[in-house]
Amino acid sequence: MGLDLDDFDSAAFQAKQAEMRGRLEARKLQAILLIPVQCIEHWLWCLKWRKEHPHSTKNERFETQPRENAKLAIYNARKCSTKHSSPIVEELAAGMDADWLSTRSASFLAFHTQVRAYLEAV
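In this model helix α4 (residues 82–93) runs 15 Å from its N-terminal to its C-terminal C-alpha over twelve residues, within 8% of the 16 Å that 1.5 Å per residue would give. Gly95 sits one or two positions beyond α4 and adopts a positive phi of about 70°.

With that settled, consider the packing of helix α2 (residues 39–52) against α4. At a minimum axis separation of 9 Å, α2 and α4 run at an interaxial angle of 60°. α4 is crossed by α2, and the crossing has left-handed handedness. Taken together, the residues of α4 that come into contact with α2 (itself represented by Leu44, Leu47, Lys48 and Lys51) are Val89, Glu91 and Leu92. When its residues are assigned to classes, the contact of α2 with α4 shows four nonpolar, no polar and three charged.

Let's shift gears to the packing of aromatic side chains. The geometry of an aromatic ring pair is captured by the separation of the ring centres together with the interplanar angle, meaning the angle of the planes. Per the stated rule, a full pass over the model turns up four aromatic pairs. Between Trp43 and Phe108 the ring centres are 4.9 Å apart and the planes differ by 85°, which places this aromatic pair in the edge-to-face class. Of this pair, Trp43 sits in helix α2 while Phe108 sits in helix α6 (residues 106–121); the two residues are 65 residues apart in sequence, bridging distant segments of the chain. The class for Trp43 is buried, based on a relative accessible area of 11%. Between Phe108 and Phe111, the aromatic rings sit 6.0 Å apart at their centres with planes inclined by 50°, giving tilted as the arrangement. Of this pair, Phe108 and Phe111 both sit in helix α6, three residues apart, which is roughly one turn of the helix. Three or more aromatic residues joined by ring pairs form one cluster here, namely Trp43, Phe108 and Phe111.

Let's shift gears to the environment of Lys71. Take Lys71: it is sitting in helix α3 (residues 67–75). By relative accessible area, Lys71 is classed as buried at 18%. With 26 residues separating them in the primary sequence, Lys71 and Trp45 have C-alpha atoms 8.3 Å apart.

Glancing now at the nonpolar core. Counting 16 residues, the largest nonpolar core has Leu44, Leu47, Ile74 and Leu101 as the members making the most contacts within it. Looking at this core element by element, the count peaks at seven residues for α2. If near-sequence neighbours (up to four positions away) are discounted, Leu101 is found in contact with Trp43, Cys46, Leu47, Met96 and Phe108.

So, how was this worked out
- Note on numbering: residues in each chain are counted from 1, in written sequence order.
- For a predicted model such as this one, the threshold for reporting local features is a pLDDT of at least 70, and the threshold for listing and counting side-chain atom pairs is 80 or more; totals across whole chains, interfaces and linings nevertheless cover every residue.
- Excluded from the side-chain calculation are hydrogens and water; included are all heavy atoms of the structure.
- Here a helix means four or more residues in a row that DSSP labels H or I, a strand means two or more in a row labelled E, and each is numbered from the N terminus.
- Take the number of residues in a helix, subtract one, and multiply by 1.5 Å to get its expected span.
- What counts as an axis is a line fitted to C-alpha atoms, over the stretch in contact for a helix, and the angles between N-to-C directions run from 0 to 180 degrees.
- Handedness of each helix crossing follows the sense of rotation of the near helix against the far helix: counterclockwise by less than a right angle gives left-handed, clockwise gives right-handed.
- When checking whether two residues touch, look at their non-hydrogen atoms; a contact exists if any pair is within 4.5 Å.
- By the convention adopted, Pro, Cys, Tyr, Trp, Phe, Met, Ile, Leu, Val and Ala count as nonpolar, Lys, Arg, Asp and Glu as charged, and the other residues, Gly among them, as polar.
- Under the pairing criterion, centres of Phe, Tyr and Trp rings, with the six-membered ring standing for Trp, must be within 6.5 Å; the plane angle then separates stacked pairs below 30 degrees from edge-to-face pairs above 60, leaving the rest tilted.
- Three labels apply to residues, based on accessible area from a 1.4 Å probe with only protein chains included: buried if under 20% of the type maximum, exposed if over 50%, partly exposed otherwise in between.
- Put simply, buried Ala, Val, Leu, Ile, Met, Phe, Trp, Tyr and Cys residues joined by side-chain atoms within 4.5 Å make one nonpolar core.

Dropping the structure here:
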């Protein structure tokens, strides 16, 4: 079950998560709740930076930047179609080093930890 929640608001996020869990429990279904927030563009920005600076050990902090800046840095546009963004995302995600990204992004570390815990429990 997935939902793209670009504009993160803690209360709205918690409410949406509770609603989705309630729906699953009411139907006695097991599923992974996937509610990506604006951080995905920031993760891609980290990956793009690493690709452009492969030997640097500098830890850039992209997550503090507005999402519009991340989209501009990645897609060269503040808004773009899936047709435009998909090849860029595929290129940046190809061969992604999740452990490296976990050291550069607190939000990715949290996400990666949750996914690992789920996979180990299954």
